[in-house]
Amino acid sequence: MLFRLPGVYRPQRDTWLLAGELTGRELGPGTRVLDLCCGTGALSVAACEAGAGWVTAVDVSRRAAISTWLNCKLNRRTVRVVRGDLVEPVRTLRFDVVVANPPYSPASDDATPGRVLGLAWDAGIDGRAVLDRICVEVPQLLAPGGTLLLVQSALNSVEKSRTMLEERGLCVEVVASEDVPFGPALSGRTRMLEERGMILPGQRTERIVVLAATDVRSRDRAR
Ligand SMILES: C[S@@+](CC[C@H](N)C(=O)[O-])C[C@H]1O[C@@H](n2cnc3c(N)ncnc32)[C@H](O)[C@@H]1O
C-alpha cells in the first residue's frame, strides 16, 4: 500500500504499465535508476524491489517528494529523493534506466498549473509541455547503453516523441500499450477535446503507450 498526501497522483494504469516494463528488465546492484516525476514513488519502490541498487527520485511537488520519501521508508527501501524541476537536480549524474510518467493531459491553456493535482496532469494545450522537455533533456542523462522508459497517451503524438528521441541518437521502440477508459482529468474535458478534434465524438478511451529509447551511441562508435 502506498501513502499519498492530498493532491498527489494516485498510481493508475499508466503507472502499472510502466512498472511492468521497468521490473521486466535486468536490474542489479549496480543499476542506476532515475524515477522522474515520481509522485508517490510507486516506481522507485518497484525498481528497488526488482533489484536496482541506486534509485533517485525527482518531483517538482513538495507533497509528492514527501510521499515518495515516506513510501520508501515504509517499504524499507533506500532512495535518494530530490525536489526539483525535471532533470535540474541530477544534471551531472548518469543513469542506466530513466523511468518517467510525466503529466500529459491536454489542458485548457499553456499556463503552469497552480494546484498540486494540476501539476500531475496538466501539460499545456497539446499535452506535450513536459514530454517535449523530457525528449530533449533526458538523452544527456543516459549512461552508455542506458534506456528511457516513457509513458504517454496516443493523444499526444507518440510519433513526435519518437522523432525527437531518434534525432538525439536514441533507438526507440513501443514496448507496451493498452486502451484505458478516460481518467478523472480527461473525463472532465471531453467537450474541449472533441471541439479541438483531439478525440472522436463519443470517444471515452485513450491508448497509453510505453516507449523504450535506448542510447546506442557508444555501440555505434565501437563499430
Ligand atoms: C502523472 S504523475 C506520475 C506520478 C508517478 N510517477 C506515477 O506513475 O504514479 C506526474 C508527476 O509529475 C510531477 N511533475 C510535473 N511537472 C514536473 C516537473 N517539471 N519536474 C518534476 N516533476 C514534475 C507531478 O508533480 C506529478 O507528481
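The coordinates are above.
Residues numbered from 1 in each chain as written. Predicted model: local features only at pLDDT ≥ 70, side-chain atom pairs only at ≥ 80, totals over all residues. Heavy atoms only, no water.

Points about the overall build of the protein chain
What the protein chain contains, in helices and strands, is 9 helices and 7 strands. For 223 residues, the compact-globule estimate of 2.2 N^0.38 gives 17 Å, and the C-alpha radius of gyration of the protein chain, at 17 Å, lies within 12% of that figure. A principal-axis box enclosing the C-alpha atoms of the protein chain has dimensions of 50 × 45 × 30 Å. The long-range fraction of contacts in the protein chain, counting pairs at least 24 apart against all pairs at least 6 apart in sequence, stands at 73%. Looking at the protein chain as shown, the accessible area adds up to about 10600 Å², and 52% of this sits on carbon and sulfur atoms. (Helix = DSSP H or I, 4+ residues; strand = E, 2+ residues; numbered from the N terminus. Rg over C-alpha atoms; globule rule 2.2 N^0.38 Å. Contact = heavy atoms within 4.5 Å. Areas by Shrake-Rupley, 256 points an atom, 1.4 Å probe, with all protein chains shown as cover.)

Observations regarding the nonpolar core
Nonpolar side chains tend to gather and get buried jointly when the protein is soluble and globular. Ranked by size, the top nonpolar core spans 53 residues in total, and within it Val33, Leu34, Leu36, Val98, Ile134, Leu148 and Leu149 carry the most contacts. Ranked by residue count, the leading element in this core is strand β7 (residues 205-215), at 6 residues. If we ignore the near neighbours within four places in the chain, the residues touching Val33 are Leu27, Ala47, Ala52, Trp54, Val55, Thr56, Phe95, Val97 and Val99. Listed in part, the 6 residues of the second largest apolar core include Leu155, Leu186, Leu193 and Ile199. (Core = buried A, V, L, I, M, F, W, Y, C linked by side-chain atoms within 4.5 Å. Buried < 20%, exposed > 50% of the residue type's maximum accessible area, 1.4 Å probe, protein only.)

Remarks on the environment of Pro29
Within the secondary structure, Pro29 sits in the loop between α1 (13-23) and β1 (32-36). In contact with Pro29, other than residues within four places in its own chain, are Gly51, Gly53 and Trp54.

Things to note about unusual backbone geometry
Residues other than glycine seldom take positive phi values, yet Arg76 does so here, at roughly 55 degrees. With respect to the helices and strands, the residue Arg76 is situated in the loop between α3 (62-74) and β3 (80-83). Phi angles above zero are rare outside glycine, and Ser157 is one such case at about 60 degrees. Its place among the elements puts Ser157 in the loop between β5 (142-153) and α6 (158-167).

Quick word on the side chain of Asp215
As for its placement among the helices and strands, Asp215 is situated in strand β7. Look at Asp215 and you get buried, because its relative accessible area is 5%. Not counting chain neighbours up to four residues away, the residues in contact with Asp215 comprise Leu142, Ala143, Pro144, Gly145, Gly146 and Leu170.

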